[in-house]
Each structure stands twice: as structure tokens, then as C-alpha cells.
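Here's the letter readout for the chains.
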Amino acid sequence: MVSFTKQNASISTSGNTVWIGNNQNSDTVTLVQSPIGVTGTIRSDNTLFKIAPTQNGEHTITEIDEKLISLSMQLQQHQISSY
């Protein structure tokens with residue numbers, strides 16, 4: 001189990017609650033509560049996770065492979081610079 005301490009909480013211009021926190025291990029969390037559920041990210045032990053609501057009212061937590069994101073961004077930049 002991972003626990004976080006609130007560092008900041010606010011209401012966005014669209015009315016959603018935004019909650020940002022961290023813990024003693026320098027892990028971080030950003031959560032957004034909207035009418036459809038909670039969306040956010042957790043970084044724990046140098047691993048990034050995405051939280052997203054599903055259509056049936058539950059939530060998924062998915063590990064994000066940041067290497068793939070980096071490769072995708074590099075490919076997009078290459079495509080843009082080729083024009």
C-alpha cells in the first residue's frame with residue numbers, strides 16, 4: 001500500500017476537484033474528481049501509473065511504459081521536422 005499527504009487541493013475552472021500529494025519516498029500523485037469519476041497519475045518507485053474511470057463506474061489503474069511515450073514523441077518530432 002502507498003499513502004500520500006495532500007500538498008494542494010483546488011477547484012478547477014470547470015468545477016473539478018484537483019488533489020496533489022506526495023509521500024516521504026518522493027512518490028507523487030495528481031487526482032482529478034469529475035462527474036464521470038477520478039482521473040489521475042501516480043508515480044511510485046519511478047513507475048508511472050494512470051487512473052481512469054470506466055463506463056461501469058469502476059476505475060482502472062494502468063502502468064505506463066514511459067519508454068514507449070519517449071519513442072512516440074521522438075517519432076512525432078522526426079515526422080514534423082521532415083516537412
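Structure report, in brief. This one's a predicted model, so the numbers in the text were calculated from it and none came from an experiment.

With that settled, consider the overall build of the chain. Per the secondary structure count, the chain includes 1 helix and 6 strands. Taken from the N to the C terminus, the helices and strands of the chain come in the order β-β-β-β-β-β-α. Within the span of the chain, comprising 83 residues, buried residues form 17% of the whole. Expressed as a percentage of contacts within the chain between residues at least 6 apart in sequence, the contacts between residues at least 24 apart total 5%. Per element, the accessible surface of the chain, about 6,500 Å² overall, is 53% carbon and sulfur.

Here strand β3 (residues 28-34) runs beside strand β4 (residues 37-44); their pairing, made up of 7 bridges, is antiparallel. Bridge assignment links serine 34 to a residue of β4, and that residue is glycine 37. Here β4 pairs with strand β5 (residues 47-53) via 5 bridges, running antiparallel. Looking at the pairing, serine 44 lines up with threonine 47 of β5. Turn length for the β4-β5 hairpin, with the two strands adjacent in sequence and antiparallel, is 2 residues, and the turn residue aspartate 45 shows positive phi of about 50°.

Okay, the sheet that holds strand β1 (residues 5-11) next. Read across the open sheet, the 6 strands follow the order β1-β2-β3-β4-β5-β6; overall the sheet is antiparallel. Each edge of the open sheet carries a strand with a single partner, namely β1 and β6 (59-64). Neighbour-to-neighbour, the strand axes of this sheet turn through a mean angle of 15°, independent of strand direction.

All right, on to unusual backbone geometry then. The phi torsion at aspartate 45 lies on the positive side, around 50°, for a residue other than glycine. Among the secondary structure elements, aspartate 45 is positioned in the loop between β4 and β5. We note that asparagine 46 has phi near 65°; this positive angle belongs to a residue other than glycine. Its place among the elements puts asparagine 46 in the loop between β4 and β5. By relative accessible area, which is 70% here, asparagine 46 ends up exposed.

The rules behind these values
Residues numbered from 1 in each chain as written. Predicted model: local features only at pLDDT ≥ 70, side-chain atom pairs only at ≥ 80, totals over all residues. Heavy atoms only, no water. Helix = DSSP H or I, 4+ residues; strand = E, 2+ residues; numbered from the N terminus. Buried < 20%, exposed > 50% of the residue type's maximum accessible area, 1.4 Å probe, protein only. Contact = heavy atoms within 4.5 Å. Areas by Shrake-Rupley, 256 points an atom, 1.4 Å probe, with all protein chains shown as cover. Pairing = 2+ DSSP bridges. Axes fitted to C-alpha atoms, helices over the stretch in contact; angles between N-to-C directions.

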